Each structure stands twice: as C-alpha cells, then as structure tokens.
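Here is how the chains run, residue by residue.
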Amino acid sequence: MNRQQLGSVAKAIVARQKGVLAADESGRTIRKRFESVKVEATEENRRRYREILFTTDGIERYIGGVILFEETLRQTTRDGTPFAELLSSRGILPGIKVDKGAVALALHPGERITEGLDGLRERLLEYRELGAKFAKWRAVLDSDERDVPSACGIRANTHALARYAALCQELGIVPIVEPEVLMDGAHTIERCEELTSRVLEAVFIELDAHGVFLEGMLLKPNMVIAGLKCERQAPVQEVANATLRCMSRHVPAAVPGLVFLSGGQSAEDATDHLNAMNAMGPWPWQISFSFGRALQAPVLAAWRGREDNLAAAQRILLRRCELNGLARDGKYARSLEGAP
Ligand code: 13P
C-alpha cells in the first residue's frame, strides 16, 4: 500500500470547491432514470448521455472525480477516446463502482447485503489498468421504526465495506466507503440520526480491524434527514446541525473528506444542506458532495435524448456544479437558483 499516493488522490478529489459527480448508475438504475424522460436505455444512449456529462466545459473547476459504471469505463467518446482518458486529460479523476448491488439478507426480512467481494482483487487490477484511481462500494441500510436494520445487518454490511476498502488500498486505489441509511420511508430525523450513528460507529470499528488507512479513503455518508414520507421535514439548519453532530461523534478527523450522497433530495435541497454545513465550518474533514440525482436530474430533464438539447443540458450541469462549488465555501443562497 502506497500511503502517500492514496492520501494525495483522496485529497485531490475533495480539493477546494470540488466534489464528485456520481454517474455510476447500474443498468437497472439508468433504465429507470431514462424512462422518466422517455429515453430508451440502449448501450449507445447510455454512452451518448455520459459523453454529454463528461465533455461539459468548465466542470473540472468543481468536479474532482467522476464515478463510472463498469460499462462506461470501457466506453469511449464518439471519436474513440476512452472516457477515463478524457476525464484524466481534463484533470478529473476517474473512479469505478465495484459492488454488485444489494440482495436480501438471509433470515433478516426487510434487510439487504451488498455483494461483489468474490474476485474483487482481480477486477480491481483490471479497472486500475483501465485508469480507475478510486472506487466506490455502497451498502444500503433500509430502516423501519423498530427492528431494521438489525445489529446483524449492520455488522454484515460494514464488514463487507471494510473488506472492500482494504482490497482497494492494497492495490493503490482510494476507496469511497458508502454506508447509506436510505431516506425512503416515514422515519423521523431523530430516527435517522440514531441509525446513522450506529452504522458509522460500526463502519469505523470494521475499518480499523481491517487495517484501512483512514487518510487514504473518503466517506460517502447520507445526510441526517427525515424519511421522504415523514410528515415533519426538518428545516435546512436542523439537518445541518444533526448531520454534523453525528459526523463529529463518529468520523475520525484523519478521514480527509465526507462526500455526501443526495439520496433522493431535490437538487436545491442537497446544495442548501451542503452549504449550511460548510457555513458552520471549519471542520476537520472537507465537507463535499458525491451527488448522483442532485446533479443529474435537471440535466436529464433538459436533455430528453435530443441532440438539439445538448447545449442546454450542459449549461444546466455546469450551473449545478458551480452552485455546489459555492456551497463548498458556504457561499450558496437559494436566490442564486435560476440566475445565470
Ligand atoms: P444519489 O446522490 O442520487 O443518492 O447517488 C449517489 C450514489 O452514488 C448512490 O450510490
């Protein structure tokens, strides 16, 4: 493990004003996203869409890394440049989603475990050849008001995260460790804080047990937020306070950055929450983003699969990146939405 190299890649991803564009939707997920804008999920449409994202001028000021799906790592621009090469040439680090998705956890109704550890060392070696500098593994923690997630579900998922992270570091790849307490459901913000606390505590116990080098990784947590179906949605400052209280209690200062997922929040809410947290800084870690939907939903809605919408889609992506860049400095305001 080359600690110095791991540390400098992790820091570069969350350099000033920068964060991560999560464009690693699996085949099934991108199909869902495309259906919402009536685009057929063919391999070529997926390639065309990702080319629009990655060729947007100016995003390199705000995007330190892009997470790709395996198919995309093997694809090229229309003129034959591999996407990983294109991103690197623009100063954006290419990363790769390496988990194989979540399946039902045996004997634990309502819980899931993420698969993909078998053969992972070999796959990582190949992804590294193809240019990947970092990786991502997502554990999903479903929740109810009582029994889910169970101690067993948390242990199984955090153990897998730690095995993945150790494998990545052995091969010089920076792991993004993503334990996501889902915001689906009706749980309160208090319940989310309690669960996120339990999960993060378990994550760092496992990472420590597996010898993971904290300075050479990034954490991708959920914000502490009420479930989408909860009657009471907390105001922005309450989300920021609860999230940072939870992170301060459980995330060691050695971790260079927290790259929050958006998890189904609107683009504006995600940016607002990020901004409020940075406005309360400084913090021991960079407070940054690794947004999928919160960066892409408005872009997809503008594109709708049409060539003549390409420029508009790229303008919207750049604008969202800029706004999140401002939020990294605590300088975003809702009134900037809609302004050029
Ligand atoms: P969202 O920001 O849409 O939650 O996606 C981030 C991600 O990569 C989830 O794994």
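Everything that follows concerns the structure shown earlier in this document.
Note that the structure is a prediction, hence the values are computed from the model and not measured. (Residues numbered from 1 in each chain as written. Predicted model: local features only at pLDDT ≥ 70, side-chain atom pairs only at ≥ 80, totals over all residues. Heavy atoms only, no water.)

A. Summary view of the overall build of the chain. Across its full length, the chain holds 12 helices and 10 strands. Principal-axis analysis of the C-alpha atoms gives the chain an extent of 50 × 45 × 40 Å. Within the chain, the proportion of its 340 residues that are buried is 57%. Across the chain, the fraction of contacts at a sequence separation of at least 24, relative to all contacts at a separation of at least 6, is 80%. Surface accessibility of the chain: about 14000 Å² in total, with carbon and sulfur atoms responsible for 50%. For the chain, the separation between the mean place of its 45 positive charges and that of its 45 negative charges on side chains is 2 Å. (Helix = DSSP H or I, 4+ residues; strand = E, 2+ residues; numbered from the N terminus. Buried < 20%, exposed > 50% of the residue type's maximum accessible area, 1.4 Å probe, protein only. Contact = heavy atoms within 4.5 Å. Areas by Shrake-Rupley, 256 points an atom, 1.4 Å probe, with all protein chains shown as cover. Lys, Arg positive; Asp, Glu negative; His and termini not counted. Charge placed at Lys NZ, Arg CZ, Asp CG, Glu CD.)

B. Highlighting the site of the ligand. Every one of the 13 residues lining the ligand counts as a neighbour, but Lys-136, Lys-220, Ser-262, Gly-263 and Gly-292 are closest to it. Lys-136 places a side-chain nitrogen or oxygen 2.6 Å from an oxygen atom of the ligand. One of the side-chain N or O atoms of Glu-178 is found 3.0 Å from an oxygen atom in the ligand. Against a free-state accessible area of 300 Å², the protein chains account for coverage of 92% of the ligand. Across the shell around the ligand, the residue classes tally to 3 nonpolar, 4 polar and 6 charged. (Near = heavy atom within 4 Å. Polar contact = N/O pair within 3.5 Å; in protein donor to acceptor, adjacent residues only side chain to side chain. Nonpolar A, V, L, I, M, F, W, Y, C, P; charged D, E, K, R; others polar.)

C. Main features of the packing of helix H9 (residues 236-250) against helix H10 (residues 267-279). One way to put it is that H9 packs onto H10 with a least axis distance of 9 Å and a crossing angle of 60°. Between H9 and H10, the angle is such that the two are oblique. Both H9 and H10 take part in a crossing whose hand is right-handed. Here Val-236, Gln-237, Val-239, Ala-240, Thr-243 and Leu-244 of H9 lie close against H10, whose contacting residues are Asp-272, His-273, Ala-276 and Met-277. A class-by-class count of the residues in the contact of H9 with H10 yields 6 nonpolar, 3 polar and 1 charged. (Axes fitted to C-alpha atoms, helices over the stretch in contact; angles between N-to-C directions. Parallel < 35°, antiparallel > 145°, perpendicular 65-115°, else oblique. Left-handed = near helix turned anticlockwise from the far one by under 90°.)

D. View of the packing of helix H11 (residues 293-303) against helix H12 (residues 310-328). Between H11 and H12, the least distance of the axes is 8 Å, while the angle of their chain directions is 160°. One way to sum up the angle between H11 and H12 is to call them roughly antiparallel. Between H11 and H12 lies a crossing whose hand is right-handed. Residues Ala-294, Leu-295, Pro-298, Val-299, Ala-302 and Trp-303 of H11 lie in contact with H12, whose contacting residues are Ala-313, Ile-316, Leu-317, Arg-320, Cys-321 and Asn-324. Classifying every residue of the contact of H11 with H12 by side-chain character gives 10 nonpolar, 1 polar and 1 charged.

E. Region of the structure containing the pattern of salt bridges. On inspection of all chains with the given rule, the structure shows 28 salt bridges. For Lys-136, the salt bridge is made with Asp-24, and the minimal N-O distance between the two is 2.7 Å. With Lys-136 in strand S6 (residues 134-141) and Asp-24 in the loop between strand S1 (19-23) and helix H2 (27-35), this pair connects stretches of sequence that are 112 residues apart. Comparing Lys-136 with Asp-24 shows no difference in burial state: the two are buried. With a closest N to O distance of 2.4 Å, Arg-90 and Glu-60 form a salt bridge. (Salt bridge = Lys/Arg side-chain N within 4 Å of Asp/Glu carboxyl O.)

F. Seen up close, the side chain of Thr-114. Among the structural elements, Thr-114 can be located in strand S5 (residues 112-114). Looking at Thr-114, its side chain comes within polar contact range of the main-chain oxygen of Arg-138, at 2.8 Å. The contacts of Thr-114, once residues within four sequence positions are left out, are Asp-99, Gly-101, Ala-102, Trp-137, Arg-138, Ala-139, Val-140 and Asn-157.

G. Spatial organisation of the pairing of S6. Along S6, 7 of the 8 residues are buried, which leaves the element largely enclosed by surrounding structure. Bridge count between strand S3 (residues 93-97) and S6: 3 bridges; the pairing is parallel. Paired with Gly-95 across the strands is Phe-134, a residue of S6. You can see the chain leave S6, run along helix H7 (residues 151-170) and come back into strand S7 (residues 174-181), and the turn it takes is right-handed. (Pairing = 2+ DSSP bridges. Right-handed = clockwise from strand over helix to strand, strands pointing away.)

H. View of the environment of Pro-179. On the secondary structure map, Pro-179 appears in strand S7. Owing to a relative accessible area of 2%, Pro-179 belongs among the buried residues under this scheme. Taking the C-alpha atoms as reference, Pro-179 lies 8.3 Å from Leu-219; in sequence the two are 40 residues apart. Once residues within four sequence positions are removed from consideration, Pro-179 is found in contact with Ala-139, Leu-141, Leu-161, Val-199, Leu-200, Val-203, Leu-219, Lys-220, Pro-221 and Asn-222.

I. Local environment of the nonpolar core. With 96 residues, the main nonpolar core has Phe-54, Tyr-164 and Leu-207 as its most contacted residues. The element contributing the most residues to this core is helix H8 (residues 189-209), with 9 residues. Those residues in contact with Phe-54 that sit more than four places away from it in its chain are Leu-21, Ala-23, Val-66, Leu-68, Thr-72, Phe-83, Leu-86, Leu-87 and Arg-90. By size, the runner-up hydrophobic cluster in this structure holds 15 residues, among which are Val-9, Ala-10, Ala-22 and Phe-213. (Core = buried A, V, L, I, M, F, W, Y, C linked by side-chain atoms within 4.5 Å.)

Don't take any of this as a statement about function, it's just geometry.
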